[in-house]
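# Coordinate inspection notes
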Amino acid sequence: MKNPAGINTRSDMLTSFSRQHLLGIEGLSPNEIAFLLNRAETYINQNRQINKKKSTLRGRTIFNLFFENSTRTRTSFELAGKRLGGDVINMSLLQSSIKKGETLIDTAMTLNAMHPDILIVRHPASGGVKLLSEKVNCAVINAGDGSHEHPTQALLDALTIRRRVGHIMGLNIAICGDILHSRVARSNIYLLSTMGARIRLIAPKTLLPTNVETLGVESFNNMKSGLKDCDVIMMLRLQRERMHASYFPSSREYFHFFGLNYKKLELAKKNAFIMHPGPMNRGVEIAPEVADDVSRSVIREQVEMGVAVRMAVLETLAINLDTSQPEFFDEKTPKPNQ
Ligand code: ASP
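Residues numbered from 1 in each chain as written. Predicted model: local features only at pLDDT ≥ 70, side-chain atom pairs only at ≥ 80, totals over all residues. Heavy atoms only, no water.

## What to know about the sheet that holds strand β3 (residues 118–123)
Note the following rule: Pairing between strands requires that DSSP locate at least two bridges from one strand to the other. Helix and strand assignments come from DSSP, with helices taken as H or I runs of at least 4 residues and strands as E runs of at least 2, each series counted from the N terminus. Axes here refer to lines fitted to C-alpha atoms; in helices the fit is confined to the stretch in contact. Angles between the N-to-C directions go from 0 to 180 degrees. Any pair of residues with heavy atoms lying within 4.5 Å of one another is described as a contacting pair.
If you trace the four strands from one edge of the open sheet to the other, you get β2-β1-β3-β4, paired in parallel fashion. Edge positions in the sheet fall to β2 (87–92) and β4 (139–145), since each has one partner strand and no second. Here the strands of the sheet are splayed against their neighbours by 15 degrees on average, with no regard to which way each runs. Pairing geometry for strand β1 (residues 61–66) and β2, over six bridges, is parallel. Residue pairing in the sheet places Leu65 in a bridge with Met91 of β2. Contacts from helix α3 (residues 72–83) reach β1, β2, β3 and β4 within the one sheet, and its direction differs from that of β1 by about 180 degrees.

## Digging into the side chain of Arg122
Our working rule: Exposure categories follow from relative accessible area, calculated using a 1.4 Å probe and restricted to protein chains: below 20% of the type maximum is buried, above 50% is exposed, and the middle band is partly exposed. In this count, Lys and Arg are taken as positive residues and Asp and Glu as negative ones, while His and the chain termini are left out. We define a salt bridge as a contact between a side-chain nitrogen of Lys or Arg and a carboxyl oxygen of Asp or Glu at a distance within 4 Å. N or O atoms closer than or at 3.5 Å make up a polar contact, with two conditions inside protein: a donor-capable atom paired with an acceptor-capable one, and, for residues adjacent in sequence, both atoms drawn from side chains.
Within the secondary structure layout, Arg122 lies in strand β3. Although Arg122 is buried, it makes no salt bridge; Glu68 carries the closest opposite charge, 4.4 Å away. Here the side chain of Arg122 touches Ala143 through a polar contact of 2.8 Å, landing on its backbone oxygen. Ignoring any residue separated from it by four or fewer positions in sequence, one finds Arg122 in contact with Leu65, Phe66, Phe67, Glu68, Asn69, Ser70, Thr73, Ala143, Gly144, His150 and Arg183.

## Some points on the packing of helix α6 (residues 151–165) against helix α12 (residues 299–323)
Here is the rule we go by: Definitions for this section: a left-handed crossing has its near helix turned counterclockwise from the far helix by less than a right angle. A right-handed crossing has that turn clockwise. When residue character is reported, Ala, Val, Leu, Ile, Met, Phe, Trp, Tyr, Cys and Pro are called nonpolar, Asp, Glu, Lys and Arg charged, and the others, Gly included, polar.
Following both chains from N to C, one finds α6 and α12 inclined at 120 degrees, their axes separated by 8 Å at the closest point. Between α6 and α12 lies a crossing of right-handed hand. Contacts from Thr152, Gln153, Leu155, Leu156, Asp157, Leu159, Thr160, Arg163 and Arg164 of α6 reach α12 at Glu301, Gln302, Met305, Gly306, Val309, Arg310 and Val313. Partitioning the contact of α6 with α12 into residue classes produces six nonpolar, five polar and five charged.

## Regarding unusual backbone geometry
Cis geometry marks the peptide bond from Gly278 to Pro279; its omega dihedral reads -5 degrees. As for its placement among the helices and strands, Pro279 is situated in the loop between β9 (273–275) and α11 (288–291). In the Ramachandran plot, His115 falls in the positive-phi region, its phi being about 55 degrees despite a non-glycine side chain. Although it is not a glycine, Asp229 adopts a positive phi angle of roughly 65 degrees. Within the element layout of this structure, Asp229 appears in the loop between α8 (223–227) and β8 (232–235).

## Observations concerning the layout of surface pockets
We apply this condition: Note on definitions: the grid is 1 Å and covers protein atoms alone; a cavity is a set of points where a 1.4 Å probe fits but cannot get out; a pocket is an open set with protein on both sides within 12 Å along at least five of seven lines; lining residues have an atom within 4 Å of a point. Grid points are joined across faces, edges and corners, and a volume is the space filled by probe spheres set on the points.
Taken as a whole, the largest pocket encloses approximately 380 Å³ of empty space. What lines the largest pocket is a set of 21 residues, and nearest its centre among them are Arg122, Arg183, Arg237, Gly278 and Pro279. Mapped by element, the contributors of at least two residues to the lining of the largest pocket are α3 and α7 (183–194). Classifying every residue of the lining of the largest pocket gives four nonpolar, ten polar and seven charged.

## Re empty space enclosed by the protein
For the structure on display, the rule yields one cavity of 30 Å³ or more. For the largest cavity, the full set of lining residues is Arg72, Ser76, Gln153, Leu156, His276, Pro277, Gln302, Val303, Gly306 and Arg310. At the level of secondary structure, the elements contributing two or more residues to the lining of the largest cavity comprise α3, α6 and α12. With four residues, the top contributor of residues to the lining of the largest cavity is α12. Here the lining of the largest cavity is built from residues that sort into three nonpolar, five polar and two charged.

Following this line, the structure appears as structure tokens:
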């Protein structure tokens, strides 16, 4: 049966990802993750065509609500929504009502009254996006909440790895840098370990979370032992905007010990490749020549995969919304989550 968007995939959708929101990776099953990655695969080619537009989200209203700065994530979601034919409204709440003292909940209630279908939300507080999702009727996507989670970043990273190597299971993946403040690290730890990779965190002690043993990963305080036998090296930015103390003596010293250059890259497997979620601080966590070496770095591919992954997530949540509305159910079809 087709839904109003003309999509013919209801039974696949319900069996594979029947959630109303995408608030994080924690708790997703390998099947749910694989389902979203497989959907995203179908958009990669379409995004390389001259005509990139589909009508899957025609008539749908999507708000891009950013309470924190963003360049690539906001643009990537906007492009994803538009390529699927949705109406995307960008709201940078840094300059808006939030400055006038409106609370997150009031903003959510106001927007909810405009009947959006999907809210894409970035918020500086960990848990802020979940709180908002509890106050609205539409689908909510977490585009980064504090240092908690950034689920679409982890999905796009996984898609990049899977396309490069063919699988995720059994890979040794190093995540290096400011793990403590990184939502990208947290979402990737959940996703990549759920899909069977072995994760190593490499950071100065001060930039590792205190509960690191509970995360099911290995941790290292130096690149030499941490990078040994790694297949993938994911570098992270120092998130100075979340630092309220001094975590390392200087950027120069940080680069000396933890910055990725060719010499340190040699410690990993011969064909290991480099990832970075951006924005990059060249000369702080990564040497410019390494970041720009397209034979080793997949940073641009990550950006491309980001659009495909976000199209997959938007499409999936839009279909789940349709199927959760009674008029689109026949008697034999159970409601999702029942
Ligand atoms: N863009 C990523 C994030 O929003 C990583 C970063 O900002 O360093 O978390």
